[in-house]
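Take a look at the letters that make up each chain.
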Amino acid sequence: MAESMVLYWGSGSPPCWRVMIVLEEKQLQGYTQHRLSFENGKHKTPEVMKLNPRGQLPTFCHGDIILNESFGVCLYLENQFNSQGTRLFPDSREEQGLTYQRMFEVLTLQEKIDAIVYYFWKVPENERCDSALERNKKALNVELKLWEGYFEKLPQGSHIAGKNFTMADVMLFPQLAYAVRFGRPVQRRNKPSIAHAAIFSANSGRSKMSGGLASPNEPSSARTLATSGVSMRL
């Protein structure tokens, strides 16, 4: 079944992690995977561009079906293999609604983090503006505080949408891991924040989520947040 699947992915990419987590949760081990270097432009090779004209990762193939958007890949896998492995959308109407809400909210968190990461990556140093960076930093801290509030209302050990591990966790965990990889763990008054502690404790038993997301071999673009002076202390 998984033998007909091929995943092109890159280290340090939350969208790639999302797909890899779903593949593990749906017990689809044994797929072919190609780890490509962003820094060396391997995601822009003719082989990848033929499958994904934007030259982005992840790029996923299941037989003759090609999907290039991580949300699309994750939803496709859950739909095609609904009865296999972990069910990522709960039956409860309340939890299902919250799962959809939180998983799409993650896109806003991603946007706020990327605004800082790509500012340092794409804007030449002599063209950077302190006021622009400050606006991005404030926007990110406001967003992180919002997520902090969500976790404060959850019982200990809960996942982001309730008692069950759901697609919302698939989307959120990589984004928080992404921030932590920059060397700026989300903290609150010199201790791990509720959001940080909750998401990692809730998923600590899921070895495929915690393993492989903390490689010390960071591309230079993944260090920019650590050197940007962004405060992730709420």
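Anything mentioned here points back to the structure above.
The rules we used
Residues numbered from 1 in each chain as written. Predicted model: local features only at pLDDT ≥ 70, side-chain atom pairs only at ≥ 80, totals over all residues. Heavy atoms only, no water. Pairing = 2+ DSSP bridges. Helix = DSSP H or I, 4+ residues; strand = E, 2+ residues; numbered from the N terminus. Right-handed = clockwise from strand over helix to strand, strands pointing away. Core = buried A, V, L, I, M, F, W, Y, C linked by side-chain atoms within 4.5 Å. Buried < 20%, exposed > 50% of the residue type's maximum accessible area, 1.4 Å probe, protein only. Contact = heavy atoms within 4.5 Å. Salt bridge = Lys/Arg side-chain N within 4 Å of Asp/Glu carboxyl O. Axes fitted to C-alpha atoms, helices over the stretch in contact; angles between N-to-C directions. Parallel < 35°, antiparallel > 145°, perpendicular 65-115°, else oblique. Nonpolar A, V, L, I, M, F, W, Y, C, P; charged D, E, K, R; others polar.

## Description of the pairing of strand 2 (residues 32-36)
Across five bridges, strand 1 (residues 5-10) lies against strand 2 in parallel orientation. Bridge pairing links Tyr8 to His34 in strand 2. Crossover connection from strand 1 via helix 1 (residues 14-25) to parallel strand 2: handedness right-handed.

## Some thoughts on the nonpolar core
One finds Met5, Leu23, Leu77 and Met167 to be the most contacted residues of the largest nonpolar core, which totals 56 residues. Looking at this core, the elements that each hand over two or more residues are strand 1, helix 1, helix 2 (46-51), strand 3 (59-62), helix 3 (70-80), helix 4 (93-122), helix 5 (130-152) and helix 6 (167-181). Among the elements that take part in this core, helix 6 stands out by supplying ten residues, more than any other. Sequence-distant contacts of Leu23, defined by excluding residues within four places in its chain, comprise Met5, Leu7, Leu28, Gln29, Tyr31, Phe60 and Leu77.

## Side note on the pattern of salt bridges
Going through the model one piece at a time under the given rule, you end up with five salt bridges. Ionic pairing is found between Glu94 and Arg93, a salt bridge with its closest N-O pair at 3.9 Å. On the basis of relative accessible area, Glu94 is assigned to the exposed category, the value being 55%. A salt bridge links Lys137 to Glu134; the nearest nitrogen and oxygen atoms lie 3.4 Å apart. Separated by three residues within a single helix, Lys137 and Glu134 lie in helix 5, roughly one turn from each other.

## Some points on the packing of helix 1 against helix 3
The N-to-C vectors of helix 1 and helix 3 enclose an angle of 5°; their axes lie 9 Å apart at closest approach. Between helix 1 and helix 3, the crossing angle belongs to the class labelled roughly parallel. For the pair helix 1 and helix 3, the contacting residues are Pro15, Arg18, Val19, Val22 and Leu23 in the first and Ser70, Phe71, Val73, Cys74 and Leu77 in the second. Grouping the constituent residues of the contact of helix 1 with helix 3 by class yields eight nonpolar, one polar and one charged.

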